Every structure is written in C-alpha cells, then in structure tokens.
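# Coordinate analysis (summary)
Each chain is listed here by its residues.
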Amino acid sequence: MTTATRPQLRRIAPARTAFLLLWAFLLFNLLIVELMLARPNTPAHNTLTTIGRVLGLHLGFALALQLLLIARLPFLDRRIGMDRLTGWHRWTGFAIFWLVLLHPTFVMLGYSQLDRIPFLSEIPNLAKQLPVALGMIAAGLVGVIAVTSVRAVRRRIPYEAWHAIHLLVYAVIVLGVIHQVYEGSAFKTNNFTQAYWWGLWAFAIGALLTGRLVLPLIRNLRHRMRVAAVVAESPDVVSVHVTGRDLHKLHARAGQFFLWRFPGHNRWWQVNPWSLSAAPDGHSLRLTAKAIGTTSAGLRDLPVGTRVFAEGPYGAFTATGRTRQDTLLIAGGIGVTPIRALLEDETLDGDIVVLYRVRTPADAVLLGELRNLAQLRGARLHLLTGRTVEGNQPFSPENLRGLVPDITERDVYVCGPAAMTDAVLRSLRALRVPAQQRHAEVFRLAG
C-alpha cells in the first residue's frame, strides 16, 4: 500500500515577470542615456563641467525612475509589492543624493576654474541665474529628505512627520523640471533625444499623477467609504470596520493593505499603512491597529459615519504569489493582522501551520479569531511566548525546523517587527527555503 503524495504548485511567481520588465526598462533607458552622452550637442567648457554634465543627465534619469517607483502602479505593486519597490526606491534615493551632491560640485568647480575665482565665490555668482538658483533649492530639499530617511533619524520622528517631510519630493520635481528646461543641454542633441527625454518625463509624471491622485480620487468617489463600527480589541488595539458602495470592485485580497485617512478627524497629510485584518468579503473592510502614533492612538475615538479616504489596495503579500501547496504563516505582535486575513482566505488551500510570536498570551491580539479559523481550516496554531533570549529563540533555523519539519516544501509568509522578520528571513535562507517561497511584509513604505 502506498501513500498518495500531495500535488505541489509549480507556477512561476508573478514577481519574476515584473522584475524582468523593470530591469529591461532600466537597462534600455540607461543605454539611450549613454548614447545621448556619446554625441553632445555643445562642447563643454572644460573637463570638470563635462563631468558635471554627465552627472546631471544621470541625475535627471534617476529622478524620473524614482517617480515611477513611487507612483504605486498597480501592475508593479500587485506583483512585486511595495516593500520590494521601496527597496529600489531607497537605493535610487541614495544614487540621487550623491548625484545631487556631485553634479553641482563639478559644475561649480569647472566654472570657478574658468572664472579664476575660489569655489565658494562661484556659488553666489551662479545663483544669480534663476534656473540655477532653483536647482540649488531642489538640491537642498533632497538633502533634507535624505537626512530624515537615515534610520537613526527616522526612528526619532513620528511617522506622520516623516511622511509630511517626504511630500517635499513634489517640490523637488517641479524645481528639477524647470532647471532642466533652461539648463539641460545633454539631451538637446537632436529632435529625437529631446522627444525621448521629455517623453520619459511625461510618462513618469503621468504615472505618478495617475497612481497617486487620479485613481485614489476615482475610487473614493465611487465607493464612498465610511466608518461602520469601532471595536476595542485590547487596551491599546482597536479594529475599525469600513463599509461603502461596490467594495467588491476594489478587488482587494487578504494580506494587502491600504493607506488610510480620516478627513475631519485627522489632518489630510496624516496617512498610515494598515493591513486588512480580515479577508475582504466585497461588503466591508476591517483594519486593526495598535496605538503607536498620533493617528493610530486616535482611532478608538472615530465616530461612526466618519468619512474614510483609502488608497489601495496595495501589496503582493497574498496567496497569488504562492508556488507550493502547503503554507507556513508567521506573525509577530500586531503583524498578525495580514496573517489572520490570509488564514481566512479560501484560496490558501493545502496544509497550513501558523506561528504567532508575542511576549505574553495577553499580548496576542485576535487570538480567539485565529483559533476559530485554525479549527475551521484544519490548521495548526502555535503560540510562541516569552522574551527572545539565548535559551528562547523560536525562529532559529533549528527551532523552525523542529516546529515545521517540512518547511522547505512550504511557502512562508512572515509579518511582524523588523527585527523578528529579519531573523526569520535569515533562518529561512540558512534552511535553504527558495527565495520564491519567502514572502515578507514589513511596511518599508516609500513616501
């Protein structure tokens, strides 16, 4: 007598196709940029200004790429996820910072050599030209954004303040475009290069306006979402139930999140990314948040009927990216919200194991719902409590293997504090769980 082997999914993760297209777009456009530099329209004054021109053209391209990365295009977001896109956004931001620093430095060094005046004296000399002055202001704003993005600084400022500061990127875009109109020369080689350059920027700005303004406005006008109920889950955790018209047309999935605003209750720029804590049923949405910042702490005071402005759904932390039949769901603290929603998702079939990490059982938010769902789905739920110390490291490779012996044959979804998520991902790599089977949500949100 033989035992039947459970069939395993072997589909190609949608992220792979999206990444290939993103890399193809990047390399193709970089090639055109290099060809543009190979045939300059006007000769540079000296070597230093030539270097400044090269850096300036690459800066313009990096800024256009950054717009596409923060545009929240549904094609990329639903396949790659905002976390991974934010990784690209972060590295592109580093490149922009250094290009912003080096481009004007070489230009001013070149002109100070031509004018035979000290470098610092050249700054007010060039600043007399309005397009140059606007470029300098844009560079200063990029510096402010970069400083507040450093992890040591970001930990010390509220999320709402960090998000408001990042709105300066729109001022950088406007100032940068004006600067290019008057000062750009590298892309003015011929009509083709000019059409390409401004076509690239028109596409980037159009994508940004569509993804960040037009689509959210249309969706919110269509769905007219409002608060239906506010439920305290614990002394510092609250769930908000939201209803609206034709919510099934949002095509939201368990594991995704929205950017939530509550006009009239909070300032318009105060926006927070909160996951759906229940699988969407087409009639209502539920978010569950812990009182950490100003906005989350005030959720329990939301009056029923409050207007809701939500952007989304966002994220690829869904069953769509699954490549294996069986699943391991790992949650830590309030990170249980998308995990609880995934456990409710009927498309997540196969054998399911849930690991929920909290310091004490009293900290286990939505534990009753998890137990009921686990029983309904035939899933195994393990509540892991206590401090993480040398003798209690549930997410070490050995302990993970002990809890889930067939872990390499499962898709693994993890959401929780950054330190916990990083520890789990390190262990998964050590256990040689393939990259396409590892799914993480940590809300490293692009502004």
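Up top is the structure these notes are about.
Figured I'd write up the structure that's included with this text. (Residues numbered from 1 in each chain as written. Predicted model: local features only at pLDDT ≥ 70, side-chain atom pairs only at ≥ 80, totals over all residues. Heavy atoms only, no water.)

### A look at the sheet that holds strand S9 (residues 380-384)
Quick reminder of the rule: Each pair of strands is called paired provided DSSP finds at least two bridges between the two strands. Think of it this way: any DSSP run of H or I at least four residues long counts as a helix, any run of E at least two long counts as a strand, and we number them from the N terminus. Axis definition: a line fitted to C-alpha atoms, limited for helices to the stretch in contact. Angles are taken between N-to-C directions and run from 0 to 180 degrees. Any pair of residues with heavy atoms lying within 4.5 Å of one another is described as a contacting pair.
If you walk across this open sheet you meet the five strands as S9-S8-S7-S10-S11, and the pairing is parallel. Each end of this open sheet is capped by a strand with a single partner; those strands are S9 and strand S11 (438-441). On average, each strand axis in the sheet is inclined to that of its neighbour by 15°, with strand direction left out of account. Two strands pair when backbone bridges link them, and strand S7 (residues 326-332) and strand S10 (residues 410-415) are joined in this way by six bridges, in the parallel orientation. Note on S10: the bridge partner recorded for Thr327 is Asp411. Against the sheet, helix H12 (residues 336-344) contacts S7, strand S8 (352-357) and S10, and its axis sits at roughly 150° relative to S7. Those strands touched by helix H13 (residues 367-377) are S8 and S9, and its axis lies near 155° from that of S9.

### A few points about the sheet that holds strand S1 (residues 226-234)
Read across the open sheet, the three strands follow the order S1-S2-S5; overall the sheet is antiparallel. Edge positions in the sheet fall to S1 and strand S5 (284-290), since each of these pairs with one other strand and no more. On average, each strand axis in the sheet is tilted by 20° relative to the strand beside it, whichever way the strands run. Strand direction decides the pairing type here: S1 and strand S2 (residues 237-243), joined by seven bridges, are antiparallel. Within S2, the position partnered with Val230 by the bridge is Val240.

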